[in-house]
There are 2 protein chains.
Amino acid sequence: MVAKRPTISDIAKAAGVSTGAVSYALNNRPGVSEPTRRRIMDIADRLGWVPSSAARSLSDGRANAIGLVVDRPARVIGVEPYFMQLISGIQGALAGGPMSLLLQVTDNSAAELAAYRRWWGERRVDGVLLVDLVQNDPRVELVRELRLPAVVLGEPVVPDLPCVWTDDEMAVEEVLEYLVALGHRRIVRVAGPTKFVHTQTRSRAFTTAAARLGLTEARVVHADYSDEAAARVTRRVLTGGTPPTALVFDNDVMAVSALGVAHELGLSVPDQLSLVAWDDSALCRLVRPALSAVRRPIAERGAAAVRLLLDVIGGAPAEQVKTSDPELVPRSSTGQAPA
Amino acid sequence: MVAKRPTISDIAKAAGVSTGAVSYALNNRPGVSEPTRRRIMDIADRLGWVPSSAARSLSDGRANAIGLVVDRPARVIGVEPYFMQLISGIQGALAGGPMSLLLQVTDNSAAELAAYRRWWGERRVDGVLLVDLVQNDPRVELVRELRLPAVVLGEPVVPDLPCVWTDDEMAVEEVLEYLVALGHRRIVRVAGPTKFVHTQTRSRAFTTAAARLGLTEARVVHADYSDEAAARVTRRVLTGGTPPTALVFDNDVMAVSALGVAHELGLSVPDQLSLVAWDDSALCRLVRPALSAVRRPIAERGAAAVRLLLDVIGGAPAEQVKTSDPELVPRSSTGQAPA
DNA sequence: GTAGGGTAATTAAGCGCTTAACGGAATTAA
DNA sequence: TTAATTCCGTTAAGCGCTTAATTACCCTAC
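Residues numbered from 1 in each chain as written. Chains lettered and ligands numbered in written order. Predicted model: local features only at pLDDT ≥ 70, side-chain atom pairs only at ≥ 80, totals over all residues.

**Q** Lay out the overall build of chain A with the relevant residues and their values.
**A** A tally of regular secondary structure across chain A gives 14 helices and 12 strands. A compact globule built from 339 residues should have a C-alpha radius of gyration of about 20 Å, whereas chain A, at 25 Å, is more than 25% larger. In chain A, the proportion of contacts linking residues at least 24 apart, taken out of those at least 6 apart, comes to 70%. (Helix = DSSP H or I, 4+ residues; strand = E, 2+ residues; numbered from the N terminus. Rg over C-alpha atoms; globule rule 2.2 N^0.38 Å. Contact = placed C-beta atoms within 7 Å.)

Structure below.
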């Protein structure tokens, strides 16, 4: 078989009908008799016909693709399993359907905006996924201006934007209560960059829960998700006055990095220091001691976001979908607070 | 500004010329005078015009996109930094140009083939990247049949297919020589699945070099890149008769997993057991002891592959490009062989 | 003065598909 | 018998862009 892409008019010719009839038949719309439809469809797949996405887009205005742009430095993105899991979930929900995923990795916010704008201008996507929302995120304004269907992966901070989220606040509380039950009182949260909405949400939840539990020495410090920054911050925190007995991180990479620092400082985990990671991953399981971590349904979130986005593209109202709750998976990095 | 995508006929109207003239002007082709061209271009970007990719594709037959499908189980793909680094590299080479990346993650080879075939049928991509080639890979046959431009990321095993590769054989030798210099003689290579061409290449290089160095007890065992399989295999190897003193892995995840197993068996690394990972990553740096690893220019490979693919799409002949050589990065997981 | 040659534009066809509008034949109603 | 209704199918316009063919015009040359 040689490579020649058949078009509907090839089919029409073979079936002795007009291209219009072929189109109706192939799209399961009324206008052709059942026998004709069958005949056309038989011919179509004997010929190995596949609709040209360009032609279809041009005539019906739909791109049959959704876009995701991830704006994180290459350095960070490589390590964090988060995105690949997310992408897996996205693909799962896309599989079988006619939609494809357009992916872009950028290293600054302007490039990210430009990517969305270009996709829209080129009519390349029917909608986009938004991750890592920041305060007053310009993307919100952009998609609204462009009337570009969008789904946020994150807390419902923008009232009329559809989103898919998990109850992180609850998880933060759970972690704190768990640590307190183990006797910890000096607990530090090593958060991601302040700019992210999810960082703020968790930090707020942390502070609130700490206050409720009477943890006057609990506090939040910031790093940038990278192992280097986490190591630096952790070292500083642990070598300062009245060091904490437990650290709660905002991702897995930072927690693993901190494990190294603890080791380096001769602090035994979990005897002298407890560590909790956020976003469970193989990384957490693989290191020794294995890290206690908050597991969130990342792939599930990706899949849910895609389904929601498809609905929104189809004209459904902007829902705010909550996925299953995160859960704390205790492993060997957390233990009784030292006396 | 409200969302309304301008077309060339909007521009034509505004400039008082025909759409043909606009097209010539915008594409920098002869047929319009310099002043007219300027005027048209000014209007175009005042209007924020962006070419419709569908329309362009339809008329010139080019999709302005390249495709990558990754066929690895979600479980594996999440952990391995490899793909994200690759994607970063790909994006780097794509940035600025008009091409986008279409990504698909599948979990079986049939689905992968189907994805390529569909993209081709839909005229969605101008070319594709092929990773993880296996022996007699059906994709090779497919892209040839479809005349779909393709670049292989891997060794030049298919004569007329362009590819981008690194000299892994050399790196394998280097690792072996390094270990031998440290006094190791019982060395086991924990390889990925046999089906992959790169696995075979490295295993062959390993066996050859071992023979040359007189290592009669060197051997190769197989796992599937996952941490579970690696743990199982490592445990078996280490608890068998005359266990090896050094293990060389085919990725980073397996090496980290083995570190855990060693720990569990009470084997001190590197005093009693040396470990070498393949594909350096933050993972290797982060664990304790930090893993000695073979670092390969992954992002560079991705970028080179894209450049090559763009050339091939443009009609260039099928080159075989070799990127910079891998290098062994010694860290704390390798040491003198035990007496 | 007219043929020849550029240059700067327009025209129109075509890429592959969708879909509103139309038409002819068979069926039903009156 | 004729008119109204259905059903099945065709026609043709249009989506936004590219490009070969064509026209219109101005210059130079003989």
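**Q** An account of the protein's contact with DNA strand D is needed here, citing residue identities and associated values.
**A** Taken together, 26 residues are adjacent to DNA strand D, and Ser-18, Gly-20 and Ala-21 of chain A together with Thr-7 and Gly-20 of chain B come closest. When contributions to the surface near DNA strand D are tallied by element, the ones reaching two or more residues are helix H2 (19–26) and helix H4 (53–60) of chain A together with helix H2 (19–26) and helix H4 (53–60) of chain B. (Near = placed C-beta within 6 Å.)

**Q** Lay out the interface of chain B and chain A in plain terms, naming residues and giving numbers.
**A** With 49 residues of chain B at the interface, the matching set in chain A holds 49 residues. When contributions to the side of chain B that touches chain A are tallied by element, the ones reaching two or more residues are H4, helix H5 (74–79), helix H6 (81–94), strand E2 (100–106), helix H7 (109–121), helix H8 (138–146), helix H12 (252–264) and helix H13 (282–286) of chain B. If you tally residues by element for the side of chain B that touches chain A, the top one is H6 of chain B, at seven residues. Counted by class, the side of chain B that touches chain A contains 26 nonpolar, 14 polar and nine charged residues. Summarising the sheet, strand E2 (residues 100–106) of chain A and E2 of chain B pair through three bridges and their orientation is antiparallel. Of the residues in E2 of chain B, the one forming a bridge with Leu-102 of chain A is Leu-102 of chain B. (Nonpolar A, V, L, I, M, F, W, Y, C, P; charged D, E, K, R; others polar. Pairing = 2+ DSSP bridges.)

**Q** Can you tell me about the domain arrangement of chain A, naming the residues and giving the values?
**A** All names here are of chain A. Domain annotation of chain A identifies domain 1 (9–50), domain 2 (65–166 + 298–322) and domain 3 (168–295). When each unit is reduced to the centre of its C-alpha atoms, the spacing between domain 2 and domain 3 is 28 Å. Of all the secondary structure elements, the ones that give two or more residues to the side of domain 2 that touches domain 3 are helix H5 (74–79) and helix H6 (81–94). Of the residues forming the side of domain 2 that touches domain 3, the biggest block, three residues, is contributed by H5. Tallied by class, the residues present in the side of domain 2 that touches domain 3 amount to seven nonpolar, three polar and four charged. (Domains from an automatic or database assignment.)

**Q** Which residues make up the sheet that holds strand E10 (residues 292–295) of chain B, and what values do they have?
**A** Residues and elements named next belong to chain B. Strands sit in the order E7-E6-E8-E9-E10-E12 across an open sheet of six strands; the sheet is mixed. The open sheet is flanked by strand E7 (219–222) and strand E12 (327–329), the only strands paired with a single partner. Direction aside, neighbouring strands of the sheet carry axes that sit 20° apart on average. Across three bridges, the pairing between E10 and E12 is antiparallel. Paired with Val-294 across the two strands is Leu-328, which belongs to E12. Lying on the sheet, helix H9 (residues 168–181) is in contact with strand E6 (187–191), strand E8 (246–249), strand E9 (274–278), E10 and E12; it crosses E12 at an angle near 40°. (Axes fitted to C-alpha atoms, helices over the stretch in contact; angles between N-to-C directions.)

**Q** Account for the environment of Leu-102 of chain B, with residues named and values stated.
**A** Relative to the elements of secondary structure, Leu-102 of chain B occurs in strand E2. Under the C-beta neighbour-count criterion, Leu-102 of chain B is labelled buried, with 21 such atoms within 10 Å. For the pair formed by Leu-102 of chain B and Ala-171 of chain B, sequence separation is 69 residues and the distance between their alpha carbons is 32 Å. Those residues in contact with Leu-102 of chain B, other than ones at most four positions away along the chain, are Ser-100 and Leu-102 of chain A together with Ala-65, Gly-67, Trp-119, Arg-124 and Val-125 of chain B. (Buried ≥ 20, exposed ≤ 12 C-beta atoms within 10 Å, placed from the backbone.)

**Q** Could you give an account of the protein's contact with DNA strand C, with specific residues and numbers?
**A** In the vicinity of DNA strand C lie 26 residues, with Thr-7 of chain A together with Ser-18, Gly-20, Ala-21 and Ser-33 of chain B positioned nearest. Among the secondary structure elements, those contributing two or more residues to the surface near DNA strand C are H2 and H4 of chain A together with H2 and H4 of chain B. Considered class by class, the residues forming the surface near DNA strand C number 10 nonpolar, 14 polar and two charged.

**Q** Which residues make up unusual backbone geometry, and what are the values?
**A** Excluding glycine, residues mostly carry a negative phi; peptide bonds, for their part, are mostly trans. Of the consecutive residues Val-269 of chain A and Pro-270 of chain A, the connecting peptide bond is found in the cis state with omega at 10°. In the segment running from Arg-288 of chain B into Pro-289 of chain B, the intervening peptide bond is cis, with an omega of -10°. Inspection of the secondary structure assignment puts Pro-289 of chain B in the loop between H13 and E10. One non-glycine residue, Asn-64 of chain A, lies in the positive phi region at around 55°. Look at Asn-64 of chain A and you get partly exposed, because 19 C-beta atoms sit within 10 Å.

**Q** Requested: an account of the relation of the copies chain B and chain A, with residues and values cited.
**A** When chain B is fitted to chain A, the residual RMSD is 0.1 Å, and the transformation amounts to a turn of 180° plus an axial shift of 0.0 Å. Taken together, the turn and the small shift mark the pair as related by a two-fold rotation axis. Both copies present the same face, since 100% of the interface residues in chain B are matched by interface residues at the equivalent positions in chain A. (Least-squares fit on C-alpha atoms with pLDDT ≥ 70 in both.)

**Q** Lay out the sheet that holds strand E6 (residues 187–191) of chain A in plain terms, naming residues and giving numbers.
**A** All names here are of chain A. An order of E7-E6-E8-E9-E10-E12 is seen for the six strands of this open sheet, with the pairing classed as mixed. Sheet topology places strand E7 (219–222) and strand E12 (327–329) at the edges, where each strand pairs with a single neighbour. Each neighbouring strand pair of the sheet contributes to a mean axis angle of 20°, computed without reference to strand direction. Summarising the sheet, strand E9 (residues 274–278) and strand E10 (residues 292–295) pair through three bridges and their orientation is parallel. Residue pairing for E10: Trp-278 is matched across the bridge by Val-294. The strands that helix H10 (residues 197–212) touches are E6 and E7; relative to E6, the one it contacts most, it runs at about 175°. This element, helix H12 (residues 252–264), spans E6, strand E8 (246–249), E9 and E10 of the sheet and lies at about 155° to E9.

**Q** Help me get a handle on the environment of Trp-120 of chain A, residues and values and all.
**A** Residue and element names in this part refer to chain A. Counting through the fold element by element, Trp-120 comes out in helix H7 (residues 109–121). By C-beta crowding, Trp-120 is classed as buried, having 24 other C-beta atoms within 10 Å. A C-alpha to C-alpha distance of 38 Å links Trp-120 and Thr-36, two positions 84 residues apart in sequence. Ignoring anything within four residues of it in the chain, the contact list for Trp-120 reads Leu-146 and Leu-148.

**Q** Account for the packing of helix H11 (residues 227–239) of chain B against H12 of chain B, naming residues and giving values.
**A** A packed helix pair is summarised by two numbers, namely the angle formed by the two axes and the spacing between the axes. Residue and element names in this part refer to chain B. Between H11 and H12, the least distance of the axes is 8 Å, while the angle of their chain directions is 50°. When the interaxial angle is binned, H11 and H12 end up oblique. Read as a crossing pair, H11 and H12 show a hand that is right-handed. Mapping the contact onto sequence places Asp-227, Ala-230, Ala-231, Thr-234, Arg-235 and Leu-238 in H11 and Val-253, Met-254, Ser-257, Ala-258, Gly-260 and Val-261 in H12. (Parallel < 35°, antiparallel > 145°, perpendicular 65-115°, else oblique. Left-handed = near helix turned anticlockwise from the far one by under 90°.)

**Q** Please give an account of the pairing of E8 of chain A that cites residues and values.
**A** Residue and element names in this part refer to chain A. Side chains Ala-246 and Val-248 project from E8 onto one buried face, and the interleaved Leu-247 and Phe-249 project onto a second face that is buried too. As paired strands, E8 and E9 are joined by three bridges and run parallel to one another. Residue pairing for E9: Val-248 is matched across the bridge by Val-276. The parallel pair E8 and E9, bridged by H12, forms a crossover whose chirality is right-handed. (Right-handed = clockwise from strand over helix to strand, strands pointing away.)

**Q** Talk me through the pairing of E2 of chain A; I want residue IDs and the actual numbers.
**A** Residue and element names in this part refer to chain A. Counting buried residues in E2 gives six out of seven residues, a clear majority hidden from the surface. Alignment of strand E1 (residues 65–71) against E2, held across seven bridges, turns out to be parallel. Counterpart to Leu-68 in the pairing with E2 is Leu-103.

**Q** Give a description of H12 of chain A that names residues and reports values.
**A** All names here are of chain A. If you check H12, its first and last C-alpha atoms are 19 Å apart, about what 13 residues at 1.5 Å a residue would give, namely 18 Å. Of all 13 residues in H12, 11 are buried, a share of seventy percent or more. Just beyond H12, the residue with positive phi is Gly-266, at close to 75°. (Expected span 1.5 Å × (residues − 1).)

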